[in-house]
Every structure is written in structure tokens, then in C-alpha cells.
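Chain by chain, the residues:
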Amino acid sequence: MSFPRFYSNHIIPHSISQLPSEEAAHASVLRLKTGDRIVVFNGSGDETEAVIVELTKKSLIYRAEELLRIPRTLPGRVCVAVSLPKGERQRSVVEKLVEMGIHELIPIQTRRSVASVSNQQLERYSRWSLETCKQSGRNAFLTIHPSIDFGQLILDQRWQTTRRWIAHPFADEKGSPLDLQQLAEPSLFCIGPEGGFTEEERDAAFQSGFRMLVLGDRILRVETAVTYVCAMAAMALQPPRSSAEFS
């Protein structure tokens, strides 16, 4: 049985604590009451089952049980760098990354980018990450980096030892199928805007050690390409459990 999930950045096991006021308001909307069981997670990978001790519209006091380490992210380190689309489609990108267990998001600016990413928008992405963690059962937040120019990203020393891929919509001599076994190592996937990376951007990435990744022979929307890449990473790193495991 699954219990309603709530966030608190600080959980003390086997003790009585209080949730943030906005989380208490959520509990009131769900019509929970004293004695009901809930799950509280801290965004760093831990959760606890708890019992509501006292509940008002602005306050929820709970008794925590054992603290369990269950991040529910993919076993390897996978980062996706995306030239984000406009508007609510950005939310779809963040939700898919969280749901699929991806560890990090880097918004990138390219020659053909259609949206810039402000600090206010980054805060909105963090809120969407929290909401999706509550819905999906994930206990570790998506790490969201500040926006960076794509030219800076491909030269960034922090990623030089990472398997690096640039998604390319057209098959050519530089395109490569993804060897899923390579995802046992940290991986960085770059997904461009719907107009694609420019030829200069692709060549610069290729010269910096990126491999070109072909996602079929169709042109994909940004959020579709993100889902495609996430699904491949999930299949490689955390294949679906067999029916025998549930028997």
C-alpha cells in the first residue's frame, strides 16, 4: 500500500517533527486526519514512514519511524543537457527527467535556442522536480545546473572524463548507435533545439570528444528526444523487473 508523500529537508528518525506549512496545506487538501500514515522524504535520497500526530490547515506534526536510504534514481550517473523549448513544454522535460531517474539537468544555450533560462525559471524547475518526486516516489531531487552556453559546456573540464553524446537528427558518417553497455560509466547527453545544433556546433562537439547519437530517422520534438534518451539509459542501467520477481 502506498501512502501520501510529503517533503521535509530534515528528517529525524524515531522522533516527532513538523512539516513545512505548504506541505501541511497539501495534507488538508487530501483530507488526511490524525492517525493516518504518510511517507516523508528529504530530497537527498532518504524516506521514512510516519504517523500524523496533529494536523491543522497550517501545521502537520508527525512521528517518524526508521530512516531508509532509497533514492530511486538510476544506478549510474546520467546527465542531460537540453536546449529547452518554450513555455509549459519545459515542465514536460523536467518531469520526464525526474520520473526516469536521471541525475542532472543542464539547460544549454545554442545558436538556435528559443528560450533563455533565468534564475526565476530555475526556481520553477526545482518546484516541478519536487512535485514530480512526490508523484513518482523518487526521494532524490534532480540536480539542476545554471544555464550555460553550449560552446562552454563542450570545453568544461568537469565533463572531460564522461561519456559524452550529442543527439543528431540526421544519419551521416559521424552518427553512431548507442552501445548501452557504455552507460555503466557516467554519461552526458546533449539535446539541441528543434532546429537542431548548427553544423559548427556539431563539429566542435565532435572535435572535443563527443560522439554523435542518432535517434532514429525522424525529427523529434525536444521533449520526445529527452524521453527517448532517458528510456535508453533506464533500459541499460535498470532493466524492468521480470514477472518472477513479483511472484
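Described in the following lines is the structure provided in the data block.

Thresholds applied
- Residues numbered from 1 in each chain as written.
- Predicted model: local features only at pLDDT ≥ 70, side-chain atom pairs only at ≥ 80, totals over all residues.
- Heavy atoms only, no water.
- Helix = DSSP H or I, 4+ residues; strand = E, 2+ residues; numbered from the N terminus.
- Buried < 20%, exposed > 50% of the residue type's maximum accessible area, 1.4 Å probe, protein only.
- Axes fitted to C-alpha atoms, helices over the stretch in contact; angles between N-to-C directions.
- Parallel < 35°, antiparallel > 145°, perpendicular 65-115°, else oblique.
- Contact = heavy atoms within 4.5 Å.
- Nonpolar A, V, L, I, M, F, W, Y, C, P; charged D, E, K, R; others polar.
- Core = buried A, V, L, I, M, F, W, Y, C linked by side-chain atoms within 4.5 Å.
- 1 Å grid on protein atoms, 1.4 Å probe; cavity = no way out; pocket = protein on both sides within 12 Å on 5 of 7 lines; lining within 4 Å.
- Points joined across faces, edges and corners; volume = space filled by probe spheres on them.
- Arc of directions from axis to C-beta.
- Salt bridge = Lys/Arg side-chain N within 4 Å of Asp/Glu carboxyl O.

**Overview of the overall build of the protein**
(1) Moving on: Helix and strand counts for the protein stand at six helices and 14 strands.
(2) Moving on: Per-residue burial over the protein gives 49% buried out of 247 residues.

**Some thoughts on the packing of helix H2 (residues 89–99) against helix H6 (residues 222–237)**
(1) Moving on: For the pair H2 and H6, interaxial distance at closest approach is 9 Å and the crossing angle is 5°. With respect to H6, the axis of H2 lies roughly parallel. Residue-level contacts link Arg89, Ser92, Val93, Lys96 and Leu97 of H2 to Val222, Glu223, Val226, Thr227 and Cys230 of H6.
(2) Moving on: Each residue belonging to the contact of H2 with H6 can be placed in one class, and the counts come to five nonpolar, two polar and three charged.

**Regarding the nonpolar core**
Note on soluble globular proteins: their nonpolar side chains tend to be buried together.
(1) Moving on: Within the largest apolar cluster, 36 residues are counted, with the highest numbers of intra-cluster contacts made by Leu97, Ile102, Tyr125 and Val226.
(2) Moving on: Put simply, the parts of the chain that give this core at least two residues each are strand S7 (78–82), H2, helix H3 (119–136), strand S11 (163–168), strand S13 (187–191) and H6.
(3) Moving on: Contacts of Tyr125, omitting those with residues within four sequence positions, involve Leu84, Gln90, Val94, Val117 and Ile144.
(4) Moving on: Formed by 16 residues, the second largest nonpolar core is a distinct cluster that contains Trp159, Ile166, Leu188 and Phe210.

**So, the layout of surface pockets**
(1) Moving on: Put simply, the largest pocket is a space of about 160 Å³.
(2) Moving on: Split into classes, the residues belonging to the lining of the largest pocket amount to four nonpolar, one polar and six charged.

**As for the environment of Asn119**
(1) Moving on: Mapped onto the fold, Asn119 is located in helix H3.
(2) Moving on: Judged by relative accessible area, which is 62%, Asn119 ranks as exposed.
(3) Moving on: When the C-alpha atoms of Asn119 and Ser147 are compared, they prove to be 9.0 Å apart, with 28 residues separating the residues in sequence.

**A look at the environment of Leu105**
(1) Moving on: Inspection of the secondary structure assignment puts Leu105 in strand S8 (residues 104–109).
(2) Moving on: Along the backbone, Leu105 and Val94 are eleven residues apart, and their C-alpha atoms lie at a distance of 8.1 Å.
(3) Moving on: Those residues within four positions of Leu105 in sequence are excluded, and the remaining contacts are Val80, Val82, Val94, Leu97, Leu142, Thr143, Ile144 and His145.

**Comments concerning helix H1 (residues 21–29)**
(1) Moving on: Where H1 is concerned, the buried positions are Glu23, Ala24 and Ala27. Looking straight down H1, one finds its buried side chains confined to an arc of 105°; they lie on one side. Across from the buried face of H1, at angles greater than 90 degrees, the exposed residues are Glu22 and Val29.
(2) Moving on: Those residues of H1 hidden inside the fold are in contact with strand S1 (5–7), strand S4 (46–55), strand S5 (60–64) and H3.
(3) Moving on: Positive phi appears at Arg31, one or two residues downstream of H1, with a value of about 60°.

**Observations concerning the pattern of salt bridges**
(1) Moving on: Enumeration according to the criterion identifies 14 salt bridges in this entry.
(2) Moving on: Ionic contacts of the salt-bridge type, sharing partners, join the residues Arg89, Glu194, Arg221 and Glu223 into one network.

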